[in-house]
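Architecture at a glance
Each chain is listed here by its residues.
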Amino acid sequence: MARNPGRSWAPSASGATGDAGSFGGRPHGRQQLPRAKRSRPIRHRSVAGQVFALQILIVLLLVAGAAVALVVQSHNDADREAANRTVAVAQAFANSPGMVAALHSPDPTAILQPKAQSARVASGVDFIVVLNDQGIRYTHPNPAQIGQKFIGTYEPALHGQVVTEQLNGTLGPLVQTVVPVYAPDGSVVGLVSAGVTLSNVFTASERQLPVVLGAAAGAIGLATLGTALISRRLRRQTHGLGPVEMTRMYEHHAAVLHAVREGVMIVGGDGQLLLCNDEARRLLDLPPDAEGRPVTELGLEPPSLELLTANRQVTDEVVLAGERLLAVNVRLIDQAGRPPGCVATLRDSTELLALTGRAEGAQRRLRLLYDAGVTVGSSLDVTRTAEELAQVAVPRFADFVTVDLAEQVPAGEEPPPGASLGRMRRTAIAGISTDAPFYPVGTTLDVVPATPLAGALHSGEPGLEPNLPEAREWREQDPERSAQILAYGVHSLVRVPLRARGVLLGVARFWRSERPEPFEPEDLALAEELVAHAAVCIDNARRYTREHAMAVTLQHSLLPRSLPAQNALEVAHRYLSAQAGVGGDWFDVIPLPGARVALVVGDVVGHGLHAAATMGRLRTAIHNFSTLDLPPDELLGHLDELVNRIDQDEAAFSESSWLAGATCLYAIYDPVSRRCTVASAGHPPPAVVDPQGHVVFPELPTGPPLGLAALPFETVELELAEGSRLVLYTDGLVEDRERDIDEGLELLRTALSGPPRTPEQTCTDVLGTMLPTHPQDDIALLVARTRVLAPDQVAQWHVPSDPAAVRTVRAQVAARLADWGLDEAAFVTELILSELVTNAIRYSSGPIKVRLLRDRTLICEVSDGSSTSPHLRYAATEDEGGRGLFLVAQFADRWGTRYTATGKVIWTEQPLE
């Protein structure tokens, strides 16, 4: 802006308050009070004066630089000249005629001292010293130093080297050279040292210094003349404006132009950018050298470029520039016949868009946290929970996520005590691709001390590596693998230790490769939130896994470890624990007297340790009741009373209303009669598969569950053909959330139908067909294929109630044992039968029957119509009887009594060798 001569400036707003510095105008209005103190005006130099000062400064700097360069060059030349001179003098003197002979003479000093002084004066050096091979001086300018040790380095010269060194001597800084003196045979017989002080070396560089100073004086004179001429021309062009006015004008112009919140651009008629302020540079992302260049070369987007070059008026037209929304105004300016230029103003309208973007970013983070809260921890499985953490963060937060846990955590055990982990196992990994060079799941990782990973585990603090290629410490964990990760394109990392309830579980790491933006502190805070929630879920899963493993161990310890040996049934079984918890299902195979076998399947109500413990108590009770050889209905009655007592005990010591209800199916199979007696307490009926593969679910008088029975239980007798399969199961096999029990029974019928199969194959086929994907209840399956004792393995006789008949029975039994090849057992068997039959004849009533069974043992049975059971006792000295049953107990391996509907049976078992 130029000021016309004689034109006064209009008063400004600041001038109205009495500011005398506002463009030089006086305030109008009321009279202003005088100020107590006026600030001194700032003195401004003219442009010409500033140029002159700058020229003088440049000339002085050049002169100083040249002088310094000359001095340095002079010093370097002096050093080089001194070295060259001393080497030449020392070499010349060392090779002078008669040197070797003088050194070998009796008095070398007398011969060499005059020569050395003459050579020193002639050559212009400060000293020439001759030494022997021990460094002792033969010559010296100061005779007092002759015979003294040489000061300096001379040892390399003894080996044929030339030694040149610079040091501070008594004469000042000097350069000295030591050279060897060779004998005719090539050996070193002495040394010669020549030295010269640097002050005595005069170089050509010092002669050039006056010329440089004279040139500097001439340059200052020319600068003064040029400055005077420029100053006169500037005053004519600025119409007499002084430095103060021009400075104030520029300051106001710059303050207004760069302080406004709108971008301002002035474009000339030739399309060049004449001026732009800081806001315009920011909005359009202009390069630093934008001013003076054509606007077509500034890399503007087409909409913005079209408005600046269209030569038309534009008012508040909105264009998109990158991610900004700009409102553009363009006004043309007349340039006195030349093509019109334009003034454009740009206003950023993206603040609302930016606020919306920040709100959307916060919403995305909240949505991610919400999804993590819903997704992570959906199951009480440690591995699955770690996988959910990795999957929920990809790709919304990271491109790859790895989760490493202490080796003990997936198994439910406590991690090692202390504030750090030495070894971890890769538990989960998720990413946008499967070819990333990260360790696969299951890999064991040894934490290297003094690495960022070890530091994070020790302190529990998260770590941020925004630029992995520039970070070095993290590579020490595995340099080779780290190089592969960087080569893959991974560039940013966040690591967060997994810590819950004061227990360090492992670490989760988030990686970015495809997303160009690095992790920021806000991302670190989000990662902490994600990992904090996941750590609690993983610790919950770990605790559950530990408790579940303990419960499963307890449950399996209460179940049969192996099936007992017996010949009546071929048995196979399966037991599967529920994923949600431990249940109270159980099964049992119990051999009974008379080659019979009892099959038991039951299910305690509820889950958990209480149910498993109750199952163990009921199973123990069934074993105890089975030793009494009770029929199924009576045994279930005793179990019902036991369950009622358990409930009463629980109610007495606990406020909870938990009931130890249970269902049970008890069946006894007799391989002699092929009959199976079954009683049920609220349990699903068994499946009977005949040898042809037809499946039948027999109708049972199903009683109420144990603990709820109000009426006696009932039994049903089934006659089974040899080779039939009896299938017992719990309701977890046929009933779940997706199907009812009727549908499950039909599926079971389908799985059991078909050609004959072994019990093992039957179990496999049934579970393969009916096992749910996620069992919600325990499943117990027991498959027994019936066998029958052959007729030649059974012998029975009816005995009349006459003591004389005992002899006949003994003879018949001995004959049958002989047929079976058991002659060695005949004596004991006859003795046992004699006692049992005699007691039956003497004390019982009704028909008496004797039966022999050859199974895994030799079984002797004597049945009668009496319900009175004999008891083992010690006979007194005066007693005539009471010793026969004692003898039976001594000779038999086992013996006992069981009751029937018509009386009782006394049985014994003898081992077969």
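Residues numbered from 1 in each chain as written. Predicted model: local features only at pLDDT ≥ 70, side-chain atom pairs only at ≥ 80, totals over all residues. Heavy atoms only, no water.

The next subject is the overall build of the chain. What the chain contains, in helices and strands, is 20 helices and 30 strands. Counting the 913 residues in the chain, one finds 42% classified as buried. Per element, the accessible surface of the chain, about 47,700 Å² overall, is 55% carbon and sulfur. (Helix = DSSP H or I, 4+ residues; strand = E, 2+ residues; numbered from the N terminus. Buried < 20%, exposed > 50% of the residue type's maximum accessible area, 1.4 Å probe, protein only. Areas by Shrake-Rupley, 256 points an atom, 1.4 Å probe, with all protein chains shown as cover.)

A word on the layout of surface pockets. Space inside the largest pocket adds up to approximately 920 Å³. Along the wall of the largest pocket there are 30 residues; nearest its centre are Asp 670, Arg 898, Thr 900, Ala 901 and Val 905. When contributions to the lining of the largest pocket are tallied by element, the ones reaching two or more residues are strand E19 (662-670), strand E20 (675-681), strand E23 (715-719), strand E26 (794-799), strand E27 (848-854), strand E28 (857-864), strand E29 (894-899) and strand E30 (904-911). Grouping the amino acids of the lining of the largest pocket by side-chain chemistry returns eleven nonpolar, eight polar and eleven charged. (1 Å grid on protein atoms, 1.4 Å probe; cavity = no way out; pocket = protein on both sides within 12 Å on 5 of 7 lines; lining within 4 Å. Points joined across faces, edges and corners; volume = space filled by probe spheres on them. Nonpolar A, V, L, I, M, F, W, Y, C, P; charged D, E, K, R; others polar.)

On to empty space enclosed by the protein, then. Any space left empty among the atoms is revealed by the rolling of a water-sized probe across them. Throughout the structure, instances matching the rule amount to two cavities of 30 Å³ or more. Estimated volume of the largest cavity: approximately 200 Å³. Around the largest cavity, the lining is made up of 16 residues, and of these Tyr 439, Trp 474, Gln 477, Arg 509 and Trp 511 lie nearest the centre. Elements with a minimum of two residues in the lining of the largest cavity: helix H11 (479-488), strand E14 (492-500) and strand E15 (503-512). A total of three residues in the lining of the largest cavity trace back to one element, the largest contributor, which is H11. When its residues are assigned to classes, the lining of the largest cavity shows eight nonpolar, three polar and five charged. The calculated volume of the second largest cavity comes to roughly 50 Å³. If you trace the second largest cavity, you find it lined by Leu 284, Ser 304, Leu 307, Leu 308, Val 319, Leu 326, Val 328 and Leu 346. Of all the secondary-structure elements, those providing two or more residues to the lining of the second largest cavity are helix H7 (302-309) and strand E8 (324-335).

Let us look at the sheet that holds strand E25 (residues 779-786). Ordered in space as E16-E25-E24-E21-E22, the five strands form an open sheet in which the pairing is antiparallel. Both outer strands of the open sheet, strand E16 (569-576) and strand E22 (695-696), are each paired with one neighbouring strand and no more. Of the strand pairs in this sheet, strand E21 (residues 687-689) and strand E24 (residues 725-729) are connected by three bridges, and their pairing is antiparallel. Residue pairing in the sheet places Val 688 in a bridge with Leu 726 of E24. Against the sheet, helix H17 (residues 759-770) makes contact with E16, E24 and E25, and its axis sits at roughly 30° relative to E16, the strand it touches most. (Pairing = 2+ DSSP bridges. Contact = heavy atoms within 4.5 Å. Axes fitted to C-alpha atoms, helices over the stretch in contact; angles between N-to-C directions.)

Next up on the list: the pairing of strand E18 (residues 596-607). Counted residue by residue, E18 has nine buried out of twelve residues, so it is predominantly covered. Judged from the ten bridges that link them, strand E17 (residues 583-592) and E18 form a sheet pairing that is antiparallel. Bridged to Asp 588 within E18 is Val 600. Following E17, the chain reverses through three residues before pairing antiparallel with E18; Gly 594 in that reversal takes a positive phi of roughly 75°. Here E18 pairs with E19 via eight bridges, running antiparallel. Bridge pairing links Val 601 to Leu 665 in E19.

What follows deals with a nonpolar patch on the surface. Nonpolar side chains collect at one region of the surface, where Leu 54, Leu 57, Ile 58, Leu 61 and Leu 62 lie side by side and expose about 500 Å² of accessible area between them. Among the secondary structure elements, Leu 54 is positioned in helix H1 (residues 47-94). Assessed through its relative accessible area of 47%, Leu 54 is described here as partly exposed. (Patch = residues over 30% accessible without salt bridge, like charges linked within 9 Å, V, L, I, M, F, W, Y side chains within 5 Å. Salt bridge = Lys/Arg side-chain N within 4 Å of Asp/Glu carboxyl O.)

Moving on to the nonpolar core. Trp 586, Leu 599, Ile 622, Leu 639 and Tyr 666 are the most contacted members of the largest nonpolar core, which totals 52 residues. Among the elements that line this core, the one with the most residues is E19, at seven residues. Ranked by size, the runner-up nonpolar core spans 46 residues in total, among them Leu 389, Leu 405, Leu 526 and Ala 541. (Core = buried A, V, L, I, M, F, W, Y, C linked by side-chain atoms within 4.5 Å.)

A separate point is a negative patch on the surface. Together, Glu 735, Asp 740, Asp 742 and Glu 743 line one region of the surface with negative charge. Within the element layout of this structure, Asp 740 appears in the loop between helix H15 (731-734) and helix H16 (741-752). (Lys, Arg positive; Asp, Glu negative; His and termini not counted. Charge placed at Lys NZ, Arg CZ, Asp CG, Glu CD.)

Here the structure, examined in full by the defined rule, presents 39 salt bridges. The partner of Asp 371 in a salt bridge is Arg 367, and the shortest N-O contact between them spans 3.6 Å. On the criterion of helical spacing, the pair formed by Asp 371 and Arg 367 is a turn pair, its members being four residues apart in helix H8 (residues 351-375). With its nearest N and O atoms 3.0 Å apart, the salt bridge here joins Arg 425 to Glu 407. With Arg 425 in strand E11 (residues 423-431) and Glu 407 in the loop between strand E10 (400-406) and E11, this pair connects stretches of sequence that are 18 residues apart. Here the salt bridges share partners, and the residues they tie into one network are Glu 414, Arg 501, Asp 539, Arg 542, Arg 543 and Arg 546.

The next point concerns the packing of helix H12 (residues 521-558) against helix H13 (residues 609-627). Relative to each other, H12 and H13 sit at 10°, their axes nearing to 9 Å. Judged by the angle between their axes, H12 and H13 are roughly parallel. Residues Ala 551, Leu 554, Gln 555 and Leu 558 of H12 lie in contact with H13, whose contacting residues are Leu 609, Ala 612, Ala 613, Met 615, Gly 616 and Arg 619. Considering only residue class, the contact of H12 with H13 consists of seven nonpolar, two polar and one charged. (Parallel < 35°, antiparallel > 145°, perpendicular 65-115°, else oblique.)

So, about the packing of helix H18 (residues 805-819) against helix H19 (residues 826-843). Closest axis-to-axis distance for the H18/H19 pair is 10 Å, and the angle between their directions is 150°. At the point where H18 passes H19, the crossing takes the right-handed sense. Residue-level inspection shows Val 806, Arg 810, Val 813, Ala 814 and Leu 817 of H18 in contact with H19, the latter providing Ala 826, Thr 829, Glu 830, Leu 833, Ser 834, Val 837, Thr 838 and Ile 841. Split into classes, the residues belonging to the contact of H18 with H19 amount to eight nonpolar, three polar and two charged. (Left-handed = near helix turned anticlockwise from the far one by under 90°.)

Scope: geometric values only; no functional claims are made or implied.
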